[in-house]
Amino acid sequence: NGHLYDNPDTAANIALAPWEHLFVAQLYLLMGDKIKGVAELEKATAFESEEKLYLLAAYTYEKLGLDLRAMNELKKVISINKSSIKGYEALGGIAFKIGDYDSAIKWYEKVISLNKKDSITMSKLAELYEHKGEGDKAREMWERALKYENRKEFRGFPGWGPSG
């Protein structure tokens, strides 16, 4: 008398709620079956418009190395919630990772427009500007980050703010 989820193949072939498809996808992925896991992720997000579901699907796609699929799910997040800091942060992170610095800057700037004191995102923007060779913008962003952040890793950064 086993539970439905003891066999993901059985669960995948019956009508499930979107969150159940997400759970079955995770089971497949844990078992190493990427193809079936992705198929279940697609089922999970096909009919449901829920921010958290899209965030979880995006996270899973990103961990599988399916960055474009992850970005598509994240764009669904921000279409539902124009103020989703998590959605914009994740889009910026993936864009940064794949080397699309202009898009990463756009997404991170949106995060800062929603949270004007987000020093972590400001430091990410500073890194992006450094990658692009825009030293003045990088320095300005580091200074803004330091203004709002007093964590140890920011203090004493060569040429930026107080030492110690």
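Computed from a prediction, not measured in an experiment: that's the story for all the values here. (Residues numbered from 1 in each chain as written. Predicted model: local features only at pLDDT ≥ 70, side-chain atom pairs only at ≥ 80, totals over all residues. Heavy atoms only, no water.)

Peer 1: Please set out the side chain of Asp67 residue by residue, giving values where relevant.
Peer 2: With respect to the helices and strands, Asp67 occurs in helix H5 (residues 67-80). Ignoring anything within four residues of it in the chain, the contact list for Asp67 reads Glu62, Ile94, Lys97 and Ile98. (Helix = DSSP H or I, 4+ residues; strand = E, 2+ residues; numbered from the N terminus. Contact = heavy atoms within 4.5 Å.)

Peer 1: Can you tell me about the nonpolar core, naming the residues and giving the values?
Peer 2: Grouped together as the largest cluster of nonpolar side chains are 36 residues, with contacts concentrated most on Trp107, Leu125, Leu128 and Met141. When contributions to this core are tallied by element, the ones reaching two or more residues are helix H2 (18-30), helix H3 (34-46), helix H4 (51-63), H5, helix H6 (85-97), helix H7 (101-114), helix H8 (119-131) and helix H9 (135-148). Each residue touching Met141, except ones within four places of it in the same chain, is listed here: Ile112, Met122, Leu125, Ala126 and Tyr129. (Core = buried A, V, L, I, M, F, W, Y, C linked by side-chain atoms within 4.5 Å. Buried < 20%, exposed > 50% of the residue type's maximum accessible area, 1.4 Å probe, protein only.)

Peer 1: An account of the packing of aromatic side chains is requested, with residue identities and associated values reported.
Peer 2: All told, the structure shown has two aromatic pairs when counted by the stated rule. When the ring centre of Trp107 is taken as origin, the NZ or CZ atom of Lys106, which lies over that ring, is 4.1 Å away. (Phe/Tyr/Trp six-rings, centres within 6.5 Å; stacked < 30°, edge-to-face > 60°. Lys NZ or Arg CZ within 6 Å of the ring centre and 35° of its normal.)

Peer 1: How would you sum up the packing of H2 against H3? Please name residues and give values.
Peer 2: Closest axis-to-axis distance for the H2/H3 pair is 8 Å, and the angle between their directions is 170 degrees. As summarised for this structure, H2 and H3 are arranged roughly antiparallel, according to the angle between their axes. Crossing handedness for the pair H2 and H3: left-handed. In this structure, H2 contributes Pro18, His21, Leu22, Val24, Ala25, Tyr28 and Leu29 to the contact, and H3 contributes Lys34, Lys36, Gly37, Glu40, Leu41, Lys43 and Ala44. Here the contact of H2 with H3 is built from residues that sort into eight nonpolar, two polar and four charged. (Axes fitted to C-alpha atoms, helices over the stretch in contact; angles between N-to-C directions. Parallel < 35°, antiparallel > 145°, perpendicular 65-115°, else oblique. Left-handed = near helix turned anticlockwise from the far one by under 90°. Nonpolar A, V, L, I, M, F, W, Y, C, P; charged D, E, K, R; others polar.)

Peer 1: Break down H6 for me, citing the residues and quoting the values.
Peer 2: In this model, H6 (13 residues) spans 18 Å end to end at C-alpha, consistent with the 18 Å of a helix rising 1.5 Å per residue. Within H6, the full set of buried residues consists of Gly87, Tyr88, Leu91, Gly92, Ile94, Ala95 and Phe96. Buried residues belonging to H6 abut H4, H5, H7 and H8. One or two steps after H6, the chain reaches Gly99, where phi turns positive at roughly 85 degrees. (Expected span 1.5 Å × (residues − 1).)

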